[in-house]
Amino acid sequence: MQFKDQLNFVSQHIKKNKLRVFMTILAATMGTAFLIILASVGFGIQDTLKKEILDNRLVTQVEVHSADLDKEKADKMKKLDHVKAVVLRQEVNAFQTTTLDKYTSPSSLLISDFSEEKKAGFALEKGRLPKGKYEVVVGHDFAENLMNEEEVEKFQSQQQANESNEEEQIVPELPHYEGELLGKEITYEIGSFETGESYKEPIKLTIVGIAKAPSKDFISDGNLYADASLIPEMEAIYDRHKPEESEASLFYSNLNVYADELQNVKGITTTLKDDGYSVYSISEELEQIDVFFLALKAGLIFVGTIAILISSIGIFNTMTMAVTERTREIGVMKALGAKPKLIQRLFLLESAWIGIIGTLIAVILSYAISILANYILPLVVGAALGEENFGELNVTFSIIPWQLVVIASAISIGVAMISGWRPARKATQIDVIDALRREL
Amino acid sequence: MIHVEHIQHSFKIGKKGKERPVPVLKDLSFEVKKGSIISIVGRSGSGKSTLLHIMAGFLKPESGQITVNGTVTSKFTETQSAEFRLEQFGFIFQNFQLMPGLTTFENIELPLKLKGVTKAERTKQVEQLVQHVGLKEVQDHYPNELSGGQQQRVSIARALITNPPIIFADEPTGSLDSETEQEILALIRSLNESRGITFVIITHDDEVASIADEIYQMHDGVLKAGGIHHAI
Ligand SMILES: Nc1ncnc2c1ncn2[C@@H]1O[C@H](COP(=O)(O)OP(=O)(O)OP(=O)(O)O)[C@@H](O)[C@H]1O
Ligand SMILES: [Mg+2]
């Protein structure tokens, strides 16, 4: 029998039992759509979470922690594959204060290699990079940290007076240095953490550049950046003042390796780990999230599959009834010379058809529900929380990737065919003589 | 053409575990010659239909052998048997056994569909045959819109459409009035003469048996040649 004729045969039978087949398809559709929607929530939340993570951090950065990081080790790391830059920063382990006119700031000084910093994405908004020993670049928000005690106090008392009258809760910006920074001379001092006093050995530094704002507006950069030439002078000051018994050094290192692309972060992370460094990168976090969500999605698909299995009972019933109803016709077909294989195929086709149509409708329906949910749910949740800009959080509730469609379709159509299997077998086993003896 | 040799068959009767065999066919042997009409007559329950079922391959005999055109058919698997039927046999049943959901045309077309003949070829062949057996006017009728005689014509056309060398008929006129019976018998005769088709007809009607070249009497599972034989 030609395949076209087989399909014809099947569709004729389906047409004869429209309502019954419709109800069966409905059940299959509901089961499959349930699975897709359920699992799509897993995909949606995973996506939202990952986006959140990737948005808020330097994704290609690999943090390396180790007791003694030095230039030599950094140079070795530079030679690894896919490493774009290795930034070794020396941070000052002391009380620090910076003064400009009558303004002071507790800004930290970072000693770094500017050529590597540049490769890692460090950029200036104004000015140039330091060339001489006493030249520094200041962070974008440096000025905001430069404050005058008197001004601040005056401002705060004023503010308190206002607050009693007004209900508004706008946090006011404290007064700070507003003038030009470029070319200005600042005084940098280190001191003791214990006393909170400086050692009174100021170093005069000149601001030659202002760094670009950090990519996220909630990160503020008020640091000072200088190069390694400043180290000896600072260490000399420190040595003169530090307590006798102290063995702590003034600087501690902080090393970040930057990969050329996100996908290479994992490789670099593994290599560094194998070399004995303690490493942290986003790939670790992403991996953990992936593992967690893989388990979650598998669980959701499992629960969804139960719904499909329930709907498969409907298919089993429908097909069993179809076989029983058509016993005489099957007998006649067999008598005329239809092979058992053909009879089986015709019934499998019918259950597959129910499965395919059910799945098709389910996929379309799921996409519609998914889109609707992503549109409506944020509004509903936002309204419930009373937050107007909840939508800005960019939460995706449901995502249906093609893989999910493939998995769900395979499960749904597979289950449909399995549930059609026994009825189809039963059809092949119909005895011709018995069947012919039946009344019309 | 068909050689039936030492066929024996019995059915198991009774509840599960306490079945006892009831012999229905007892060592039957006979031969059907090519192009002949043979008729098997006998009382109800004598085993006529059982014999036909065995010859057609619906049922496997307990022992004995059937040979059709030199092929031993009694050892066939179900699939082989189906293939063989599609090529070699046509069937006419007492209650016609038409597909209620198919029109006259489609019912006749069915065996060609099973054979995998293309739509165009099928249409051509069915149209010719429908004309030939006088069903042109009712080709779009469903079985329940046809008279008994018309239904049996459809069933004969369905048996003929694949051009089989052998047609088995079990009580072909059993549910028809005598006038219609005559029509059907005339059709069978003419097909036998014009196309040389071999007919094996089971009946308990002497009238039907009268068109046969040879008549066999079935009695308690034993077949005897002879019986009433009318020359035409
Ligand atoms: N499936 C079966 N199981 C048990 N016994 C059976 C079965 N089929 C037929 N028989 C028995 O076999 C015997 C022969 O039956 P069969 O149908 O061949 O008779 P028949 O000659 O065709 O009768 P009729 O003229 O009424 O059609 C009967 O006694 C019947 O009871
Ligand atoms: Mg009978």
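Anyway, here's the lowdown on the structure attached to this text. It should be emphasised that the depicted structure is a prediction, and the values quoted were computed from it without experimental measurement. (Residues numbered from 1 in each chain as written. Chains lettered and ligands numbered in written order. Predicted model: local features only at pLDDT ≥ 70, side-chain atom pairs only at ≥ 80, totals over all residues. Heavy atoms only, no water.)

1. Focus: the sheet that holds strand 7 (residues 166–170) of chain B
Residue and element names in this part refer to chain B. Formally: For two strands to pair, DSSP has to find at least two bridges joining them. The helix and strand labels rest on DSSP assignments: H or I over at least four residues marks a helix, E over at least two residues marks a strand, and numbering proceeds from the N terminus. Axis definition: a line fitted to C-alpha atoms, limited for helices to the stretch in contact. Angles are taken between N-to-C directions and run from 0 to 180 degrees. Pairs of residues are marked as contacts when any of their non-hydrogen atoms sit within 4.5 Å.
Spatially, 6 strands are ordered 6-7-8-3-9-10 in an open sheet, and the strand pairing comes out mixed. Only two strands of the sheet have a single partner each, and these edge strands are strand 6 (89–93) and strand 10 (222–225). On average, adjacent strands in this sheet sit at an angle of 20° to one another, irrespective of strand direction. Sheet strands in contact with helix 1 (residues 48–56) are strand 3 (37–42), strand 6, strand 7, strand 8 (198–202), strand 9 (214–219) and strand 10, and its direction is about 155° off that of strand 7. Packed onto the sheet, helix 6 (residues 178–195) meets strand 3 and strand 8 and runs at close to 155° relative to strand 8.

2. Observations concerning the nonpolar core
Buried together is how nonpolar side chains tend to be arranged in soluble globular proteins. In plain terms, the rule: In plain words, nonpolar cores are sets of buried Ala, Val, Leu, Ile, Met, Phe, Trp, Tyr and Cys residues tied together by side-chain atoms within 4.5 Å. Here the term buried applies to any residue with accessible area under 20% of the maximum for its type, exposed to any over 50%, and partly exposed to those in between, with areas from a 1.4 Å probe on protein chains only.
One finds Ile2, Phe30, Ile40, Met55 and Phe168 of chain B to be the most contacted residues of the largest nonpolar core, which totals 69 residues. It is helix 11 (residues 340–385) of chain A that contributes the most residues to this core, 7 residues altogether. Once residues within four sequence positions are removed from consideration, Ile40 of chain B is found in contact with Phe30, Lys48, Leu51, Val200, Ile201, Ile202, Thr203, Tyr216, Met218 and Leu223 of chain B. Core analysis: the second largest hydrophobic core is formed by 38 residues, Val117, Val133, Val138 and Leu176 of chain B among them.

3. Some words on the pairing of strand 2 (residues 83–92) of chain A
All names here are of chain A. Burial analysis of strand 2 places 9 of its 10 residues in the buried class, the great majority of the element. Sheet topology note: the strand 2/strand 11 (residues 251–259) ladder contains 9 bridges and is antiparallel. Pairing of Gln90 across the sheet is with Ser253, part of strand 11.

4. Comments concerning the sheet that holds strand 1 (residues 2–13) of chain B
Residues and elements named next belong to chain B. Strand order in the open sheet made by the 4 strands is 2-1-4-5, with antiparallel pairing throughout. The sheet terminates laterally at strand 2 (20–32) and strand 5 (71–72), the two strands that pair on one side only. Pairing analysis gives 2 bridges linking strand 4 (residues 63–68) to strand 5, with the strands arranged antiparallel. By the bridge assignment for strand 5, Val68 is matched with Thr71. Lying over the sheet, helix 1 contacts strand 1, strand 2 and strand 4, oriented at roughly 65° with respect to strand 2.

5. Comments concerning the pairing of strand 11 of chain A
Where strand 1 (residues 61–65) of chain A and strand 11 of chain A come together, 4 bridges link them in antiparallel fashion. Bridge pairing in strand 11 of chain A links Val62 of chain A to Val257 of chain A.

6. Quick word on the site of ligand 1
Residues and elements named next belong to chain B. The following threshold applies: When we say a residue is near a molecule or strand, we mean one of its heavy atoms is within 4 Å of it. Under the rule applied, a polar contact is a pair of N or O atoms within 3.5 Å (in protein, one hydrogen donor and one hydrogen acceptor; residues adjacent in sequence only if both atoms are side-chain atoms). For the area figures, the Shrake-Rupley method with a 1.4 Å probe applies, and any residue is considered shielded solely by the protein chains shown.
Surrounding ligand 1, one finds 13 residues, the nearest of these being Ser44, Gly45, Lys48, Ser49 and Thr50. The contact in question runs from an oxygen atom of ligand 1 to an N or O atom on the backbone of Ser46, over 3.3 Å. At a separation of 2.6 Å, an oxygen atom of ligand 1 approaches a polar side-chain atom of Lys48. Isolated, ligand 1 exposes 630 Å² of accessible area, and the fraction of that covered by the protein chains is 64%.

7. Brief notes about helix 6 of chain B
All names here are of chain B. What counts is decided by this rule: In this analysis, the expected span of each helix is defined as 1.5 Å times one less than the number of residues it contains.
Here helix 6 spans 25 Å end to end across 18 residues, near enough to the 26 Å set by a 1.5 Å rise per residue. Contact partners of the buried residues in helix 6: strand 3, helix 4 (119–132), helix 5 (148–160), strand 8 and helix 7 (206–209). By the N-cap criterion, in which a side-chain oxygen at the helix start approaches the backbone nitrogen of a residue two or three places on, helix 6 is capped by Asp177, the distance to Glu179 being 3.1 Å. Positive phi shows up at Gly196, right after helix 6, with a value of about 70°.

8. Thoughts on the pattern of salt bridges
Put simply, the rule reads: Definition used for salt bridges: Asp or Glu carboxyl oxygen within 4 Å of a side-chain nitrogen of Lys or Arg.
Under the definition given, this model contains 23 salt bridges over all chains. In this structure, Glu117 of chain A engages Arg89 of chain A in a salt bridge whose closest nitrogen and oxygen atoms are separated by 2.7 Å. Here the residue Glu117 of chain A occupies a position in helix 4 (residues 114–119), and Arg89 of chain A occupies one in strand 2, the gap between them amounting to 28 residues. For Glu117 of chain A, a relative accessible area of 3% translates into the label buried. Across the pair Arg189 of chain B and Glu193 of chain B runs a salt bridge, and its minimum N-O distance is 3.3 Å. A residue pair is termed a helical-turn pair when its members lie 3 or 4 positions apart in one helix, as Arg189 of chain B and Glu193 of chain B do in helix 6 at 4 residues.

9. Some thoughts on the interface of chain A and chain B
To keep things clear, this is the line we draw: Two parts placed together each lose some accessible area under a 1.4 Å probe, and the buried area is that loss summed for both.
Counting residues at the interface gives 21 residues for chain A and 28 residues for chain B. Note on chain A versus chain B: buried area summed over both sides is about 2300 Å², and carbon and sulfur give 60% of it. Taken together, the connections running from chain A to chain B amount to 3 salt bridges. A salt bridge links Glu83 of chain B to Lys339 of chain A, with the shortest nitrogen-to-oxygen separation between them at 3.1 Å. Run the count over chain A and chain B and you get 9 residue pairs in polar contact (both at pLDDT 80 or more). Taken together, the elements giving at least two residues each to the side of chain A that touches chain B come down to helix 1 (3–16), helix 10 (327–336), helix 11 and helix 13 (432–437) of chain A.

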